[in-house]
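Report on the structure
Spelled out, the chains give:
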Amino acid sequence: MKHLYLVANWKSNKSIKESIEWVRTFKSQTLNFKLKEHIHLILCVPFTVVSSLQEEIKLLDLPFCLGVQNISSFPTGAYTGEISASMIKEIAQWTIIGHSERRKYFYETDDILLKKVEQGKAEGLDIIYCIENSDVSVPFQIDAIAYEPVNAIGSGKAQPPQDAEVVCKQIKTLHPRVPVLYGGSVGPDNIAGFCGQPSIDGVLVGTASLDSDKFFHLIEAVSSL
Ligand code: PGA
């Protein structure tokens, strides 16, 4: 059975209190639920909530890995306002790099993103690298690729799974050992369509991950695949 990755991207949402509520609600909903071994759950959350969530997840014994959504392209040092990979290593295992919102609003170029990947790998972080099509260059050392067609992000208009499969297959041909995820308006109603495709190893979920109920429904929907 192939490994499946369900990755939540909370973006710039949630206070510490709201984050704790999310995991507590998730726990209360899933008391009798046993996560299948091939399903991996990764929560990529704002820097400000990682530490509190780390404690709460441990306390509640929840099967989540924690990640962030960005790291500095610089090492630790005199870089005011930056959060370096080594600071993250203490509190989270994963980071997203190259999300289209970072490329668009923060002018992150392929060169900058490569430096971020190098910093992340030097600290042993696992990296989910986002691309909008199969032509975008992908650094070698990454651990997962998220294919996210820009028009599908946050629009409620997911790409048809068969179309996403075509692109993910191209990506997989170029990077055969790397899990390929689809992202863009994934919800409980369409997740199985994506995860059931041969070249899609999981999903990156924004909007639907903000609600712990919906996130649980996503897991349920792929548990019977
Ligand atoms: P969405 O976001 O699920 O809200 O479309 C996906 C993403 O941007 O990673």
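Below or above, wherever it landed, is the structure these notes cover. (Residues numbered from 1 in each chain as written. Predicted model: local features only at pLDDT ≥ 70, side-chain atom pairs only at ≥ 80, totals over all residues. Heavy atoms only, no water.)

Description of the overall build of the protein chain
Regarding its fold elements, the protein chain presents 8 helices and 8 strands. For 225 residues, the compact-globule estimate of 2.2 N^0.38 gives 17 Å, and the C-alpha radius of gyration of the protein chain, at 17 Å, lies within 12% of that figure. In terms of overall dimensions, the protein chain has C-alpha extents of about 50 × 40 × 30 Å along its principal axes. The buried share among the 225 residues of the protein chain stands at 51%. For the protein chain, contacts bridging at least 24 residues in sequence account for 69% of all contacts bridging at least 6. Summed over its atoms, the accessible surface of the protein chain is roughly 11,000 Å², and 53% of this surface lies on carbon and sulfur atoms. Distance between charge centres in the protein chain, computed from 21 positive and 26 negative side chains, equals 2 Å. (Helix = DSSP H or I, 4+ residues; strand = E, 2+ residues; numbered from the N terminus. Rg over C-alpha atoms; globule rule 2.2 N^0.38 Å. Buried < 20%, exposed > 50% of the residue type's maximum accessible area, 1.4 Å probe, protein only. Contact = heavy atoms within 4.5 Å. Areas by Shrake-Rupley, 256 points an atom, 1.4 Å probe, with all protein chains shown as cover. Lys, Arg positive; Asp, Glu negative; His and termini not counted. Charge placed at Lys NZ, Arg CZ, Asp CG, Glu CD.)

Comments concerning the environment of Ser-51
Following the sequence through the fold, Ser-51 ends up in helix H2 (residues 47–60). Sequence separation of Ser-51 and Ile-16 is 35 residues, and the distance between their C-alpha atoms is 9.4 Å.

Observations regarding the site of the ligand
Neighbouring residues of the ligand: 13 residues in total, closest His-99, Glu-148, Gly-154, Ser-185 and Thr-207. Within the side chain of Glu-148, an N or O atom sits 2.7 Å from an oxygen atom of the ligand. One nitrogen or oxygen atom from the main chain of Ser-185 is found 2.7 Å from an oxygen atom belonging to the ligand. Burial of the ligand by the surrounding chains reaches 99%, relative to a free accessible area of 280 Å². Split into classes, the residues belonging to the shell around the ligand amount to 4 nonpolar, 7 polar and 2 charged. (Near = heavy atom within 4 Å. Polar contact = N/O pair within 3.5 Å; in protein donor to acceptor, adjacent residues only side chain to side chain. Nonpolar A, V, L, I, M, F, W, Y, C, P; charged D, E, K, R; others polar.)

Notes on the sheet that holds strand S1 (residues 4–9)
Spatially, S1-S2-S3-S4-S5-S6-S7-S8 is the arrangement adopted by the 8 strands of the closed barrel, whose pairing is parallel. Between one strand and the next, the sheet's axes are offset by a mean angle of 25°, whatever the strand orientation. Where strand S2 (residues 39–44) and strand S3 (residues 64–68) come together, 4 bridges link them in parallel fashion. When the sheet's bridge partners are listed, Leu-43 is paired in S3 with Leu-66. Contacts from helix H8 (residues 212–223) reach S1, S2, S3 and strand S8 (202–205) within the one sheet, and its direction differs from that of S1 by about 165°. (Pairing = 2+ DSSP bridges. Axes fitted to C-alpha atoms, helices over the stretch in contact; angles between N-to-C directions.)

Looking at the packing of aromatic side chains
By the definition in use, this model includes 11 aromatic pairs. When the centroid spacing of 5.6 Å and the interplanar angle of 55° are considered together, the rings of Trp-22 and Phe-215 count as tilted. Taken together, the residues Trp-22 in helix H1 (residues 16–29) and Phe-215 in helix H8 connect sequence positions 193 residues apart. By relative accessible area, Trp-22 is classed as buried at 4%. Pairwise contacts between aromatic rings join Trp-10, Trp-22, Phe-26, Phe-33, Phe-64, Phe-215 and Phe-216 into one cluster. Taking NZ or CZ as reference, Arg-102 lies 4.1 Å from the ring centre of Phe-106, over its face. (Phe/Tyr/Trp six-rings, centres within 6.5 Å; stacked < 30°, edge-to-face > 60°. Lys NZ or Arg CZ within 6 Å of the ring centre and 35° of its normal.)

Section: the nonpolar core
Within the largest apolar cluster, 59 residues are counted, with the highest numbers of intra-cluster contacts made by Leu-6, Leu-43, Phe-64, Tyr-129 and Phe-215. If we ignore the near neighbours within four places in the chain, the residues touching Leu-43 are Ala-8, Trp-22, Ile-57, Phe-64, Cys-65, Leu-66, Gly-67 and Phe-215. Among the nonpolar cores identified, the runner-up in size contains 12 residues, and Cys-44, Ile-96, Cys-130 and Leu-181 belong to it. (Core = buried A, V, L, I, M, F, W, Y, C linked by side-chain atoms within 4.5 Å.)

Description of the side chain of Ser-72
Relative to the helices and strands, Ser-72 is located in the loop between S3 and helix H3 (85–89). Ignoring sequence-local partners within four residues, the contact set of Ser-72 consists of Glu-82, Ile-83, Ser-84, Lys-116 and Gln-119.

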